[in-house]
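# Overview (structure and organization)
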Amino acid sequence: MNQTDETVEGQLVAFLPNLRRFAISLTGSRDLADDLVQTACERALNNAASFTPGTRFDAWMFRILRNLWIDHLRRGKTAGVHEDIDERHDLAGVSGQQVTEARLTLRSVAEAVALLPGEQREVLLLVCVEDMSYRDTAELLDIPIGTVMSRLSRARRFLAEAAGISGEMARSSVEKDKK
């Protein structure tokens, strides 16, 4: 194994939680996300020589994962019906009021995020969840930085409306703090 493989392998292990989180956000399914992450890791390790040391490893891995997801979606158009295990209510699960409330809240947020157009969802997840800068997100998606800001603004506005948060209410508390 050469030095590049060791560097990629070490960075990959440390980066797995971020990669899995992004995959779950894209797929909406933990099982599918795990499969996607595994395939992305295999592809990264097989192509470790193509990674340029000193460049952004996270952007390289997100691009690999995103390309695999796009390939999966294209294949899915011809594959047929897919049943998500999260939609199966007849399966045994954990009970309790807190767990139920947390799941309802998470589900409503996930549904709102799922309703976003793919371009807005990608930007929202990369900037807000993965904490990438606007510039890095623009480079990763190969779009202008103004487009990143515009898509993010529209996504945030949509999520606020879906959650019942009005712009006036959110701004009024900020304005009060300034005075």
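Look above for the structure.
Below, the structure is looked at part by part. Here the structure is a predicted model, which means the values were calculated and not measured. (Residues numbered from 1 in each chain as written. Predicted model: local features only at pLDDT ≥ 70, side-chain atom pairs only at ≥ 80, totals over all residues. Heavy atoms only, no water.)

Quick look at the overall build of the protein chain now. The secondary structure content of the protein chain amounts to eight helices and zero strands. When the helices and strands of the protein chain are read in sequence order from the N terminus, they spell out α-α-α-α-α-α-α-α. Relative to its full complement of 179 residues, the protein chain shows a buried share of 30%. For the protein chain, the proportion of contacts with a sequence separation of at least 24, taken over those separated by at least 6, is 63%. With the model as given, the accessible surface of the protein chain reaches about 12000 Å², and the carbon-plus-sulfur share is 53%. (Helix = DSSP H or I, 4+ residues; strand = E, 2+ residues; numbered from the N terminus. Buried < 20%, exposed > 50% of the residue type's maximum accessible area, 1.4 Å probe, protein only. Contact = heavy atoms within 4.5 Å. Areas by Shrake-Rupley, 256 points an atom, 1.4 Å probe, with all protein chains shown as cover.)

Here we come to helix 7 (residues 145–162). Under the 1.5 Å per step criterion, the end-to-end length of helix 7 is 26 Å for 18 residues, consistent within 8% with the ideal 26 Å. Among the residues making up helix 7, those that are buried are Val 148, Arg 151, Leu 152, Ala 155 and Leu 159. What you see down the axis of helix 7 is that its buried residues fit within an arc of 100°, all on one side. Where helix 7 is buried, its residues meet helix 4 (97–115), helix 5 (118–129) and helix 6 (134–141). (Expected span 1.5 Å × (residues − 1). Arc of directions from axis to C-beta.)

Glancing now at the packing of helix 5 against helix 7. As a packed pair, helix 5 and helix 7 sit with axes 8 Å apart at the nearest point and diverge in direction by 95°. The orientation of helix 5 relative to helix 7 falls into the category roughly perpendicular. Contacts between helix 5 and helix 7 involve Glu 119, Gln 120, Val 123, Leu 124, Val 127 and Cys 128 from the former and Val 148, Arg 151, Leu 152, Arg 154, Ala 155, Arg 156 and Leu 159 from the latter. Residues belonging to the contact of helix 5 with helix 7 are distributed by class as follows: eight nonpolar, one polar and four charged. (Axes fitted to C-alpha atoms, helices over the stretch in contact; angles between N-to-C directions. Parallel < 35°, antiparallel > 145°, perpendicular 65-115°, else oblique. Nonpolar A, V, L, I, M, F, W, Y, C, P; charged D, E, K, R; others polar.)

Turning next to the packing of aromatic side chains. One pair of aromatic rings is described through two measures. These are the centre distance and the angle between the planes. Summed over the entire model, instances satisfying the criterion amount to six aromatic pairs. Taking 4.9 Å as the distance between ring centres and 65° as the angle between the ring planes, the aromatic pair formed by Phe 22 and Phe 62 counts as edge-to-face. Of the two residues, Phe 22 is situated in helix 1 (residues 3–27) and Phe 62 in helix 3 (residues 57–79); the sequence distance between them amounts to 40 residues. Exposure remark for Phe 22: the relative accessible area of 2% places this residue in the buried category. Looking at Phe 62, the relative accessible area reads 1%, which means it is buried. Taking the centre distance of 5.5 Å and the plane angle of 85° together, the rings of Phe 51 and Phe 57 count as edge-to-face. As far as burial versus exposure is concerned, Phe 51 and Phe 57 are alike and both buried. (Phe/Tyr/Trp six-rings, centres within 6.5 Å; stacked < 30°, edge-to-face > 60°.)

Attention now moves to unusual backbone geometry. Not every positive phi belongs to a glycine, and Asp 131 is a case in point at roughly 60°. In this model, Asp 142 sits at a positive phi of 60°, which is unusual for a non-glycine residue. Take Asp 142: it is sitting in the loop between helix 6 and helix 7.

The subject of this paragraph is the packing of helix 4 against helix 7. Close contact between helix 4 and helix 7 brings their axes to 10 Å; oriented N to C, the two are set at 140°. Considered as vectors, helix 4 and helix 7 are oriented oblique to each other. As helix 4 runs across helix 7, the sense of the crossing is right-handed. Here helix 4 contributes Ala 112, Val 113 and Leu 115 to the contact with helix 7, which in turn contributes Phe 158, Leu 159 and Ala 162. (Left-handed = near helix turned anticlockwise from the far one by under 90°.)

All right, on to the pattern of salt bridges then. Overall, the coordinates contain six salt bridges when judged by the stated rule. Across the salt bridge formed by Glu 130 and Arg 21, the nearest N and O atoms sit 3.4 Å from each other. Here Glu 130, found in the loop between helix 5 and helix 6, pairs with Arg 21, found in helix 1; they are 109 residues apart in sequence, far enough to count as distant. Arg 56 serves as the salt-bridge partner of Asp 136, at 1.9 Å between the closest nitrogen and oxygen. (Salt bridge = Lys/Arg side-chain N within 4 Å of Asp/Glu carboxyl O.)

Note that all results are geometric; they support no functional claim without further evidence.
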